[in-house]
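Remarks on the overall topology
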Amino acid sequence: TVDRGLHIVPAEARRLGMTVSLGIWLGPDRDLNEKEVARAIEVIIENPKTVDRVFVGSEVVLRGELTAQELATYIARVNRSIPANIAVGSADVWNVWLDNPVIARSSEFIGVHLLPYWDGVAIDDAMTYIEDRLARIQSKFPAKLIVIAETGWPSEGRMRRGAVATPSLEAAFLRTFLDHAARNHYDYYI
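Okay, so let's go over this structure. (Residues numbered from 1 in each chain as written. Predicted model: local features only at pLDDT ≥ 70, side-chain atom pairs only at ≥ 80, totals over all residues. Heavy atoms only, no water.)

Moving on, we come to the pairing of strand β3 (residues 87-93). Note on strand geometry: in a regular strand, side chains alternate between the two faces of the sheet. Most of β3 is tucked away: six of the seven residues are buried. Where strand β2 (residues 51-58) meets β3, four bridges bridge the pair, whose relative direction is parallel. Across the sheet, the residue bridging to Ser58 is Ala91, located in β3. For the segment spanning β2, helix α3 (residues 68-81) and β3, crossover handedness is right-handed. Sheet analysis places β3 next to strand β4 (residues 109-114), joined by five bridges and oriented parallel. When the sheet's bridge partners are listed, Gly89 is paired in β4 with Phe109. (Buried < 20%, exposed > 50% of the residue type's maximum accessible area, 1.4 Å probe, protein only. Helix = DSSP H or I, 4+ residues; strand = E, 2+ residues; numbered from the N terminus. Pairing = 2+ DSSP bridges. Right-handed = clockwise from strand over helix to strand, strands pointing away.)

Counted by the stated rule, this structure contains nine salt bridges. Here Arg133 and Asp132 are joined by a salt bridge, their closest N and O atoms 3.0 Å apart. With a shortest N-O distance of 2.3 Å, Arg183 and Asp179 are connected by a salt bridge. Taken together, the residues span about one helical turn, with Arg183 and Asp179 both in helix α7 (residues 167-184) at a distance of four residues. (Salt bridge = Lys/Arg side-chain N within 4 Å of Asp/Glu carboxyl O.)

The next thing to look at is unusual backbone geometry. Not every positive phi belongs to a glycine, and Arg4 is a case in point at roughly 50 degrees. By secondary structure assignment, the location of Arg4 is in the segment before α1 (9-15). If you check the backbone angles, His185 has positive phi at about 60 degrees while not being a glycine. Along the chain, His185 turns up in the loop between α7 and β6 (187-188). On the basis of relative accessibility, which here comes to 70%, the residue His185 falls in the exposed class.

Further remarks concern the sheet that holds β3. One key point about sheets: their strands pair by backbone hydrogen bonds, in either a parallel or an antiparallel sense. Across the sheet, which stays open at both edges, the six strands sit in the order β1-β2-β3-β4-β5-β6 with parallel pairing between neighbours. In this open sheet, the two strands that pair with only one neighbour each are β1 (20-24) and β6. As judged from the six bridges shared by β4 and strand β5 (residues 145-151), these two strands associate in the parallel manner. Considered in β5, the bridge of Phe109 is made with Leu145. Its contacts with the sheet put helix α2 (residues 30-46) on β1 and β2, and the angle it makes with β1 is roughly 160 degrees. (Contact = heavy atoms within 4.5 Å. Axes fitted to C-alpha atoms, helices over the stretch in contact; angles between N-to-C directions.)

Take the pairing of β2 next. The buried count for β2 comes to six of eight residues, which makes it a mostly enclosed element. Assessed by its sense of winding, the connection that carries the chain from β1 through α2 to β2 is right-handed.

This part covers the nonpolar core. If you look at the biggest cluster of nonpolar residues, it comprises 52 residues, and the most contacted ones within it are Leu26, Val54, Val56, Ile103, Val112, Ile130 and Ile137. Residues in contact with Leu26, not counting those within four places in the same chain, are Asn33, Val37, Val56, Gly57, Val60, Arg63, Glu65, Leu66, Leu71 and Tyr74. By size, the runner-up hydrophobic cluster in this structure holds five residues, among which are Phe55, Ala91, Phe109 and Val147. (Core = buried A, V, L, I, M, F, W, Y, C linked by side-chain atoms within 4.5 Å.)

In this section: the packing of aromatic side chains. Throughout the structure, instances matching the rule amount to eight aromatic pairs. A centroid spacing of 6.0 Å and a plane angle of 10 degrees characterise the contact between Phe173 and Phe177, whose relative ring orientation is stacked. Remark: Phe177 and Phe173 occur in helix α7; sequence separation between them is four residues, near one turn of the helix. Phe173 gets classed as buried once you look at its relative accessible area, which sits at 1%. Accessibility expressed as a relative area gives 0% for Phe177, which makes it buried. Ring centres of Phe177 and Tyr188 lie 5.2 Å apart, and the angle between their planes is 90 degrees; on these two criteria the pair is classed as edge-to-face. With a gap of eleven residues between them, Phe177 in helix α7 and Tyr188 in strand β6 connect regions that are remote in the sequence. (Phe/Tyr/Trp six-rings, centres within 6.5 Å; stacked < 30°, edge-to-face > 60°.)

Now the structure itself:
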């Protein structure tokens, strides 16, 4: 988001010689969405060499707050309004991308959330889950850059089928994922 003071992050990153992947939070309130998109476009235009990637919406289709077509319209609007060197896409769970190709068509990259714990996958099967979901996305959208926009494992929480949340399993997931990501040249966020 660029709300609640976070609009200053790109300027601070620029001052420190860093880049930022900017998120634009979307939800069911169309007026708030308009304010968020307008503010984000301003921030991006003010920091064109600092913002490297823009995520328009995060799990907004999964939550049922926007349709896939509505999200695609926002993505296209942001893409038309900012410098061409900045990649624009969205972020959602893997099956939302597969079920809604209109989002992928409007995006320059696919920001996929791969969360084995939340899908009830046991820790021993987590990397297989990630490989499988990435392969499904790549197969359906072979020309698109795929970014793992979110992955991880919680340190506490309730058991979800075969998935258990503990600090040691969180650490094990991260160590295994980071090694796996390096070997496979994944573009990712934790």
